[in-house]
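Now for the letters of each chain:
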Amino acid sequence: MAMVGFVGLGIMGRPMALNLVRAGTPVVVWNRTAARCEPLRAAGARVAAGPGEVFARARVVLLMLADEAAVDEVLGRGTPRFAPAVAGRVVVHMGTTSPAYSAELAAAIRDAGGEYVEAPVSGSRGPAESGRLVAMPAGEPAAVEEVRPLLAPMCAETITCGPVPGGLLMKLAVNLFLITMVSGLAESAHFAARHGLDLEKFARVLGSGPMASDVSRVKARKLLEGDFAPQAAIADVLKNNRLIAEAARASGVASPLLDVCHALFAETLALGHGALDMAAVVRALEARTDASRPLTGDAAAR
C-alpha cells in the first residue's frame, strides 16, 4: 500500500491520523508542534522532519489544519516550493475554511499539475476518536474516488458533494444547525437552572424525548456537570460562525439565528473562555442575566 501523508495533529487531526494508522495504512505525519507526533510514532507512523518530506514520500496528502494561512504555509503557496510539492499529488483539504478560498486553492493546485479534493468532516473530538465522522468530499470524480478508501477508517459515512466548493458549503450548512442547536440547548439549560429546576431531570427529559440526539446528550451532560473540556472549542466555533456568516452575506441569504449566536460566542470569547467547549456559551448567557438584574440591598445603596 502506498504511503499517505497527514499534516495537522490537533484535537481532530491526531485521532483521525491514529485511526488511519491503526487500519494498516502506511502514514507519514508532520505537525508544527513536534510533541503531538509522538502518539503517531508509537502507533507505527513515520514522522517527517518537515512538510516537504511528507510531500516527497506520499502521493496523497491529507491536511487537517487550523486555517487558510496554515494551509498556505504548509503548501508553500506563493513561493517557489509550491509547484514541486503539489505536482503529481492529490492534496486533500479536510479543515474548515471559506468556500471561496478552497475554490482558489483548487485552481492553483490544478495549474501546478496536482489534484485537489476538499473533504471537510462533520463531528467533534469524540466521533474523531471513534472513527465516526461524516466526510463531505468534493472535487473531480476520479480524485474523490482515489481518496474515498482513505476516509473509511476515520469516517462512518462519506457523502460526495459534487465539485469544489460543494463540500465546504455543505459543512457550513451543517455547522449552522450545530451552532444554533447548541446555543439553544445552553439557553434552555440556563433557563432551567435559574428557575431552580433539577438539571439531572432536565437532561433526562431531553434525552428521552424526540429532540434527543448524540449532540444533545453530550452537551446536556457538559452543562449539567460544568465540564467544558473541549470537543469543539469556543474560538473554533466562532471562526466557523464567521465563515458561515460571510458565505451567507456573499449570497444574500438571511441568517438571523446565526447572527445572534455570533454575538453570544464572541461574548464568551471576550469573557476568557475561548479554549472551552462550545457548550460554555452558557457563560455569556449567565453574564447577560446577571447584568440585567437590578441591584438590591447594600449593592443598590453603593
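Residues numbered from 1 in each chain as written. Predicted model: local features only at pLDDT ≥ 70, side-chain atom pairs only at ≥ 80, totals over all residues. Heavy atoms only, no water.

## Concerning unusual backbone geometry
Our working rule: Here a helix means four or more residues in a row that DSSP labels H or I, a strand means two or more in a row labelled E, and each is numbered from the N terminus.
Cis geometry is adopted by the peptide bond preceding proline 165, which originates at valine 164 and carries an omega value of 5°. Inspection of the secondary structure puts proline 165 in the loop between strand E10 (155-158) and helix H9 (166-194).

## Side note on the side chain of asparagine 19
Heads up, the condition is: Three exposure classes are used, based on accessible area relative to the maximum for each residue type with a 1.4 Å probe and protein chains only: buried under 20%, partly exposed in between, and exposed over 50%. We define a polar contact as two N or O atoms separated by no more than 3.5 Å, with the added condition that, inside protein, one atom must be a possible hydrogen donor and the other a possible acceptor, whereas residues neighbouring each other in sequence contribute only through side-chain atom pairs. In this description, contact between two residues means that some pair of their heavy atoms is separated by no more than 4.5 Å.
Relative to the helices and strands, asparagine 19 is located in helix H1 (residues 13-22). Owing to a relative accessible area of 11%, asparagine 19 belongs among the buried residues under this scheme. Here glutamate 129 takes part through its backbone oxygen, which lies 3.5 Å from a polar atom of the side chain of asparagine 19. When neighbours within four sequence positions are excluded, asparagine 19 is seen to be in contact with Ala128, Glu129, Ser130, Gly131 and Pro153.

## Examining the pattern of salt bridges
Note the threshold: The term salt bridge refers to a pairing of a side-chain nitrogen on Lys or Arg with a carboxyl oxygen on Asp or Glu at a separation within 4 Å.
According to the stated counting rule, one finds 16 salt bridges in the structure shown. Notably, a salt bridge pairs aspartate 72 with arginine 77, separated by 3.4 Å at the nearest N-O pair. Judged by relative accessible area, which is 23%, aspartate 72 ranks as partly exposed. Overall, arginine 77 belongs to the partly exposed group, its relative accessible area being 26%. The salt bridge involving arginine 148 is made with glutamate 145; its shortest N-O contact spans 3.4 Å.

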